[in-house]
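# Inside the fold
So you can see what is in the structure, the chains are spelled out below.
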Amino acid sequence: MHSIERHVDPGTYRKVVGRFATGVAIVTTRLDGVDHAMTINSFTSVSLDPLLVLFCAEKVARFHDAVLEAGVWGVSVLPASMEDASRFFAHRGRPLNGQLARWPHRHGESGVALFDGAAATVECATTAVHDGGDHSILVGAVTALGTPSDDKPLLYHEGRYKSL
């Protein structure tokens, strides 16, 4: 592995990569009967054979350790109508108990919470975890899929929520 010297200003980096419009999702896991959730925009398809997806979790987030220990997770791809949920689950320090109560949801085949209003849902079992600097890159085998809603997607671009 090559040593990487920092020649790029982190603020400029954030501004530049922010020009890549992304979808927004909430990833969930369940550990010891407690639901954990976190807003993400780092979700992508990896492979069709086998079916694999990935997301990135910040190492200092309490969600990080919970999802690593649980080994299963769900992704609810958000429609524009769920911007409030995205904002809520993006903030640190929320109480764990009852945090999902404001949004209709169900527990999927793996036991993870999935939002009823989601544009799409994906359930996964972790197959690999890679170091990604201040984040971990979790790769998961897809175990279940759903399309609960046909609503237009929620997007994130240049630090702001947008929709189609």
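Here, every reference points to the structure presented above.
Summary of the structure given here. Just so you know, these numbers come straight off a predicted model, no measurement behind them.

This brings us to the overall build of the chain. For the chain, the helix and strand inventory stands at three helices and twelve strands. For the chain, the C-alpha radius of gyration of 16 Å lies close to 15 Å, the compact-globule estimate for 164 residues. With respect to the principal axes defined by its C-alpha atoms, the chain has extents near 45 × 35 × 35 Å. For the chain, restricting intrachain contacts to residue pairs at least 6 apart in sequence, the fraction spanning at least 24 positions comes to 62%.

What follows is about helix α1 (residues 10-17). α1 sits mainly on the outside: zero of its eight residues count as buried. By the N-cap criterion, in which a side-chain oxygen at the helix start approaches the backbone nitrogen of a residue two or three places on, α1 is capped by Asp-9, the distance to Gly-11 being 3.2 Å.

Further remarks concern the sheet that holds strand β3 (residues 34-40). Judged by pairing direction, the sheet is antiparallel, and its seven strands sit side by side in the order β3-β2-β6-β9-β10-β5-β4 without closing on themselves. With partners counted over all chains shown, the strands left at the sheet margins are β3 and β4 (43-48), one partner each. Here the average twist between neighbouring strands, direction ignored, is 35°. Here five bridges tie β4 to strand β5 (residues 51-58), and the two strands are oriented antiparallel to one another. Looking at the pairing, Leu-48 lines up with Leu-51 of β5. Seen against the sheet, helix α2 (residues 62-70) touches β2 (25-31), β3, β5, β6 (72-77), β9 (120-132) and β10 (135-146) and runs at an angle of roughly 60° to β2. Helix-sheet contacts for helix α3 (residues 83-90) involve β2 and β3, and the interaxial angle to β3 is about 105°.

A full pass over the atoms with the stated rule returns five salt bridges. A salt bridge links Asp-131 to Lys-59; the shortest N-O distance between them is 2.3 Å. Here Asp-131 is found in strand β9, whereas its partner Lys-59 is found in the loop between β5 and α2, with 72 residues between them in sequence. Overall, the relative accessible area of 60% leaves Asp-131 in the exposed class.

Side chains on a regular strand alternate between the two faces of the sheet. Adjacent in sequence and paired antiparallel, β4 and β5 are bridged by two residues. Relative to β10, β5 is paired through seven bridges, and the arrangement is antiparallel. Note on β10: the bridge partner recorded for Leu-52 is Ala-141.

Reading the values: rules and limits
- Residues numbered from 1 in each chain as written.
- Predicted model: local features only at pLDDT ≥ 70, side-chain atom pairs only at ≥ 80, totals over all residues.
- Heavy atoms only, no water.
- Helix = DSSP H or I, 4+ residues; strand = E, 2+ residues; numbered from the N terminus.
- Rg over C-alpha atoms; globule rule 2.2 N^0.38 Å.
- Contact = heavy atoms within 4.5 Å.
- Buried < 20%, exposed > 50% of the residue type's maximum accessible area, 1.4 Å probe, protein only.
- Polar contact = N/O pair within 3.5 Å; in protein donor to acceptor, adjacent residues only side chain to side chain.
- Pairing = 2+ DSSP bridges.
- Axes fitted to C-alpha atoms, helices over the stretch in contact; angles between N-to-C directions.
- Salt bridge = Lys/Arg side-chain N within 4 Å of Asp/Glu carboxyl O.

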